[in-house]
Every structure is written in structure tokens, then in C-alpha cells.
Amino acid sequence: MTTLPRSAPPVATVLLALVATACGGTDDGTGAVPADETTTAAAATSAAPTTELFVPVTTTTPSATTTTTTTTTTTTTSTTTTTTTTVPPTTTTTRPAGPAAETFDLTADRQVLGRSIEGRDIVAERYGTPGDRRVLVIGVIHGNEDAGLQIVDRLRERTLAEGAPAGVELWIVPSMNPDGTAAQDRHNANQVDLNRNFPHNWGPIGAPGDGQYAGTGPASEPETQTMVAFMSQLQPDISIWYHQDANLIIPSTGRDGRIRARYAELTGLPIADCCAGGVYTGIAATWANVTLDALDAVSFIVELPGGVLPEEQVDVHTEAVRIIAAEG
């Protein structure tokens, strides 16, 4: 079992890395991008976004006590039996609408990390023991590439039934782009490609609605701000981002390369470079790898095939997540 150091850089520090470098980079920082990424070249410029901070609100549902009284009467005896049932309390952390807070409750089983432009919740779920190896699975970043939801749904079902893998604190974010998921649109409600909006190596690309429009500045979008803040505090050892539909995993080196190769082996996905061309800056997985580099953490993209996954493939990917989470 690997236990990570938990000191995280303040969000203000992370978001100060708002550089506007329009060069290099790939969907996961390894030299290639998925086939569905279209190329756009028009530039847009803006000042760095302002992030307002909120304090999380924790609500505890108190223990509930139910008392049942049964009376039995015979000709000579009257007996009264009292049964008391206590339901343990549950804790859920929520936060007001608006940009992400600087701190999150990493002990809550479920919490709202932030909200999208249209007010939809960006939710995180936690399973396992706090302090074990943290593994984060993000089902959707591009709203119309949502087969990852099938995997996180099955992963939740199995974990509820069997528990988290030994030594693993499993985190699930079903969608960091709930507006795009609802609209079946690649973009968020501002027509920004969130996978071009992360602060590391951000560069201006296109205009609203273009395939890879990068937004008005690095981390300009509330959804991006939410994930930057959350992952900076969580510091996951492994994070997996689901995309479609290149049907591969891009190779890498070191521990990163070993874990990617293991996932590919377990699922039958090929390890392959792909998709030359385009401008690929502000990528979520690249930002995570650079930000958590001192921890030797791994953040990588799994490119699923297009369309709805067959049930047997959902099971295969669910098992792969559990295995690499346990193996580290």
C-alpha cells in the first residue's frame, strides 16, 4: 500500500500558472491525441479569470431511533416488549453555486465539488478508507463522449457490493461537464472544449463553438476551476480520464507507461500513437501529470471505441480499474 503526502498547493498558486503558450502538447502529454480532436487555428485572448472562494457546508443526518411496542395479553398475563432500532448518521458535503472552494471535505462519502455554468452539480463519490492510495476516475470531460458513464456506474455497483479494492481509496467523478453531457455536446455551455482549458501550457484556440475552442483564458471555465481545485487538494496517485472514440491508449514511459500498458493488457486496447496534427494545449491529463509530478502520480486517457459499450466490455473495463488501482 502506498500512502501519498497530502500537502497540496493552494488553488491560488495553481491558477497563477495562467500562461498563454500556444504550442506543443497532446491529449495526455505523450505526443499524440485522439482521432476525434478537430483542428482549429483562430486565436482568442483574455485576462486571467478571477476565482471566488466558498466554504463547504457539511450536513449530518442524525441517528434515527424507531421504537416498536408489542403487547401480548392472555387470561392471566400481560407482556409488553419494546424494540429499538438505530439508523447510523450519514454525512454529505455540499457547497453553494459558483466557482470551486479552496478546500474540500475528503472524508465525505459524496459531495458537490462545484457547479456548471447552467447550475448542474459536479459530484465526487468516495469509497474505501481515507488515507489509502487515492485513485480517481473521471467518466466524462467531452459531453458527447459518455461511454465512460457506463464504466463508472458499474464500478459504483461493484464497489458497493464488494467494497473498494484493498488499500485503495476510490474516487469517482461521473462527469466534470454535466451541461455537455445533458446536451450531448462536446463543449460546456460556453461552447468551450474543457480539455483545452486547463492551465498548464494553455494556448488560445478558435472561437466559441469551434471543435477545440480553448476559452478566454487558462482555467476560464467553472468546471475546469472545480477540477483544478479538487485534484490539487486530493492529489490522486492514479487518475483515469475516459474519452472516445480512438479505441487505444497512447504509450508512455516509467511508472506511467507501465500502468498504461497494464490497463491495455487487461482490456485488449492497443498501445499506439495516433492522430497527428492540430493544436493540443491546456489538456487535463497533462496538467495533472505536471502538477503531481513530485508524487510520481499517473494521469492518463483511455480512448474507448465509439458508441455504447457492450455489457461485457463494461465489465472488462470495470475490472481493469480495480486491478490497476490495487496494483498501483
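In case you missed it, the structure is sitting above this.
Residues numbered from 1 in each chain as written. Predicted model: local features only at pLDDT ≥ 70, side-chain atom pairs only at ≥ 80, totals over all residues. Heavy atoms only, no water.

Engineer: What am I meant to see in the overall build of the chain here?
Structural biologist: For the chain, the count of helices and strands is seven helices and 10 strands. When each of the 328 residues of the chain is scored for burial, the buried share is 51%. Considering only contacts within the chain whose residues lie at least 6 apart along the sequence, 74% involve residues at least 24 apart. When the accessible area of the chain is evaluated, it comes to approximately 13200 Å², of which 55% is carbon and sulfur surface. (Helix = DSSP H or I, 4+ residues; strand = E, 2+ residues; numbered from the N terminus. Buried < 20%, exposed > 50% of the residue type's maximum accessible area, 1.4 Å probe, protein only. Contact = heavy atoms within 4.5 Å. Areas by Shrake-Rupley, 256 points an atom, 1.4 Å probe, with all protein chains shown as cover.)

Engineer: Help me understand the side chain of arginine 322 in this model?
Structural biologist: Looking at the element boundaries, arginine 322 is found in helix H7 (residues 311–327). Within the local environment of arginine 322, its side chain forms a polar contact with the side chain of threonine 159, the two groups lying 3.4 Å apart. Not counting residues within four places of it along the chain, the set of residues in contact with arginine 322 comprises Leu155, Arg158, Thr159, Glu162, Gly163, Ala164 and Pro165. (Polar contact = N/O pair within 3.5 Å; in protein donor to acceptor, adjacent residues only side chain to side chain.)

Engineer: What is the right way to read the environment of glycine 257 from this model?
Structural biologist: Structurally, glycine 257 is set in helix H5 (residues 254–267). Taking the relative accessible area as the measure of exposure, glycine 257 reaches 13% and is therefore buried. For the pair glycine 257 and valine 298, spaced 41 residues apart in sequence, the C-alpha to C-alpha distance is 9.0 Å.

Engineer: Explanation requested: the pairing of strand S9 (residues 238–248) in the structure shown.
Structural biologist: Burial analysis of S9 places nine of its 11 residues in the buried class, which makes it a mostly covered element. Direction of pairing for strand S7 (residues 133–138) relative to S9: parallel, over a ladder of four bridges. Following the sheet pairing, valine 135 is matched in S9 by isoleucine 238. (Pairing = 2+ DSSP bridges.)

Engineer: Help me understand the packing of aromatic side chains in this model?
Structural biologist: Describing an aromatic ring pair means giving the distance of the ring centres and the angle of the ring planes. Under the counting rule described, the total for this entry stands at five aromatic pairs. Taking the centre distance of 5.5 Å and the plane angle of 75° together, the rings of phenylalanine 104 and phenylalanine 230 count as edge-to-face. Here phenylalanine 104 is found in the loop between strand S4 (90–94) and strand S5 (110–115), whereas its partner phenylalanine 230 is found in helix H4 (residues 222–234), with 126 residues between them in sequence. Among the residues examined, phenylalanine 230 registers a relative accessible area of 0% and is labelled buried. (Phe/Tyr/Trp six-rings, centres within 6.5 Å; stacked < 30°, edge-to-face > 60°.)

Engineer: Help me out: how do you make sense of the nonpolar core in this one?
Structural biologist: It is characteristic of soluble globular proteins that their nonpolar side chains tend to be buried jointly. Residues Leu170, Ile240, Tyr242, Tyr263, Phe300 and Val302 are the most contacted members of the largest nonpolar core, which totals 28 residues. The set of elements that each furnish at least two residues to this core consists of S7, helix H2 (148–162), strand S8 (168–173), S9, H5, strand S10 (298–305) and H7. Counting residues per element, this core draws most heavily on H7, at five residues. Filtering out sequence-adjacent residues up to four positions away, valine 302 remains in contact with Ile240, Trp241, Tyr242, His243, Leu248, Ile249, Tyr263, Leu269 and His317. The next biggest cluster of nonpolar side chains, apart from the first, holds 27 residues, and it includes Leu113, Ile122, Phe198 and Leu234. (Core = buried A, V, L, I, M, F, W, Y, C linked by side-chain atoms within 4.5 Å.)

This is a description of form; function is not addressed.
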